[in-house]
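Topology and contacts: notes
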Amino acid sequence: MSLGLSLDNKGVWGMKIPDYAKERISTLMQRTESTEEELTEEYEKIFLDKFIQNDPQFKTDEDRLRYASMVLWSRCVSRPPVKEYEVIPIGFSPVRTTRAGDTMSTLFALVRIDNIIVLKRIVFKGELSTKYREITPLAKYNVKLGRFQSGDLIADSRARFENPIRLKLTPQQILEKLEVKHITIEQSSKFPSAVGDDGYVDVTDWKAIRGIIIRASRGKREDESEWGLYVIADETVKDEPKITSDGRYMNPGFTCWVATEMMNYSAESEAYFVGSVHLNKNGEPFMNAYLIVPIYVRQESD
């Protein structure tokens, strides 16, 4: 890889930033409320991308620099405006592939909006989809985020989850603050999460179920994304075990789909499973759990 650049007017990583790129960065600073350092760093990251550095379509570094400046411009002008929010991450859903073929994940956080603390969904897309793994739960961040018309928030390269402030806050206190409804498995079909006018379940309408883990499973989908689930039971589960058509023995229980990163508890551990309750096409309830609050954890060797 040949950079062939002088070190005058250094950028963040020691590159010289061409005058036309600096002009675009100056304009973007006004349009996007991003700092010069943030935009310069992103410009340099684009320039150093493997495609730009190695593809034979680019003959010179000048070609690469001009292309990088155009990519930076196109990315920035298509982004929603950002605003700084005070956020406290409390849960997440894992990376998945959308129908359009893009990867995305969701961070759930307490967010201060107009001096009111509410539960919000923060969306990560593309190369940022795994960013939630680096974020400290139950810590406070001040982060620049965009906002969809739906009210959901979106994180892009301007969202810097830095300098977390650890709080003396427990998951139980969060559930109380959010007034999350506690239900039994038997009640889950009567109290599913709300459905919006668009026909989609409101994934911020959380329910909490206290249950004992019966079994755990995990695997990969066709797109190589991972899935995990816990089957749980409480005292309201009264169904008899079933034998499937292929001879498998199936205990009764309630299905909680979870991120594999949350699967830290063995069978017969007890926990609160917190998330959105859905009904499948047969009217049977299940949960997408975004937070697990352990009560009694049983070790594998116990």
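Attention here is on the structure that accompanies the text. All values reported here derive from a predicted model rather than from experimental measurement. (Residues numbered from 1 in each chain as written. Predicted model: local features only at pLDDT ≥ 70, side-chain atom pairs only at ≥ 80, totals over all residues. Heavy atoms only, no water.)

Structural notes on the pairing of strand S4 (residues 139-147)
Relative to S4, strand S1 (residues 82-97) is paired through six bridges, and the arrangement is antiparallel. Bridge pairing in S4 links Lys83 to Leu145. Inspection of the sheet shows S4 paired to strand S6 (residues 165-166) by two bridges, in the antiparallel sense. Note that in S6 the partner of Lys140 across the bridge is Ile165. In this antiparallel pair of consecutive strands, S4 and strand S5 (residues 153-155), the connection spans five residues, and Gly151 shows a positive phi of 105°. (Pairing = 2+ DSSP bridges. Helix = DSSP H or I, 4+ residues; strand = E, 2+ residues; numbered from the N terminus.)

Details of helix H1 (residues 19-32)
Taking 1.5 Å of rise per residue, 14 residues should cover 20 Å, and H1 covers 20 Å from first to last C-alpha, within 8% of that figure. Burial in H1 covers these residues: Tyr20, Ala21, Ile25, Leu28 and Thr32. What you see down the axis of H1 is that its buried residues fit within an arc of 135°, all on one side. Facing away from the buried side of H1 by over 90 degrees, the exposed positions are Asp19, Glu23 and Gln30. Contacts from the buried residues of H1 go to helix H2 (36-47), helix H4 (61-77) and S1. Positive phi appears at Glu33, one or two residues downstream of H1, with a value of about 60°. (Expected span 1.5 Å × (residues − 1). Buried < 20%, exposed > 50% of the residue type's maximum accessible area, 1.4 Å probe, protein only. Arc of directions from axis to C-beta. Contact = heavy atoms within 4.5 Å.)

Section: the packing of aromatic side chains
The full count for this structure, using the stated rule, is eleven aromatic pairs. With a centroid separation of 6.1 Å and an interplanar angle of 70°, the aromatic rings of Phe51 and Tyr67 are classed as edge-to-face. Taken together, the residues Phe51 in helix H3 (residues 50-54) and Tyr67 in helix H4 connect sequence positions 16 residues apart. Looking at Phe51, the relative accessible area reads 35%, which means it is partly exposed. Among the aromatic residues, ring-to-ring pairing joins Phe51, Phe58 and Tyr67 into one connected group. Residue placement shows Arg66 over the ring face of Tyr20; its charged tip is 3.9 Å from the ring centre. Sitting above the plane of the Phe191 ring, Lys181 keeps its charged end 4.5 Å from the centroid. (Phe/Tyr/Trp six-rings, centres within 6.5 Å; stacked < 30°, edge-to-face > 60°. Lys NZ or Arg CZ within 6 Å of the ring centre and 35° of its normal.)

With respect to the packing of H1 against H2
Taken N-terminus to C-terminus, the directions of H1 and H2 make an angle of 130°; their axes are 9 Å apart at the nearest point. The orientation of H1 relative to H2 falls into the category oblique. In terms of crossing hand, the pair formed by H1 and H2 is right-handed. Within the contact between the two elements, H1 uses Ala21, Ile25, Leu28, Met29 and Thr32 and H2 uses Glu36, Leu39, Thr40 and Tyr43. Residues that form the contact of H1 with H2 fall into these classes: six nonpolar, two polar and one charged. (Axes fitted to C-alpha atoms, helices over the stretch in contact; angles between N-to-C directions. Parallel < 35°, antiparallel > 145°, perpendicular 65-115°, else oblique. Left-handed = near helix turned anticlockwise from the far one by under 90°. Nonpolar A, V, L, I, M, F, W, Y, C, P; charged D, E, K, R; others polar.)

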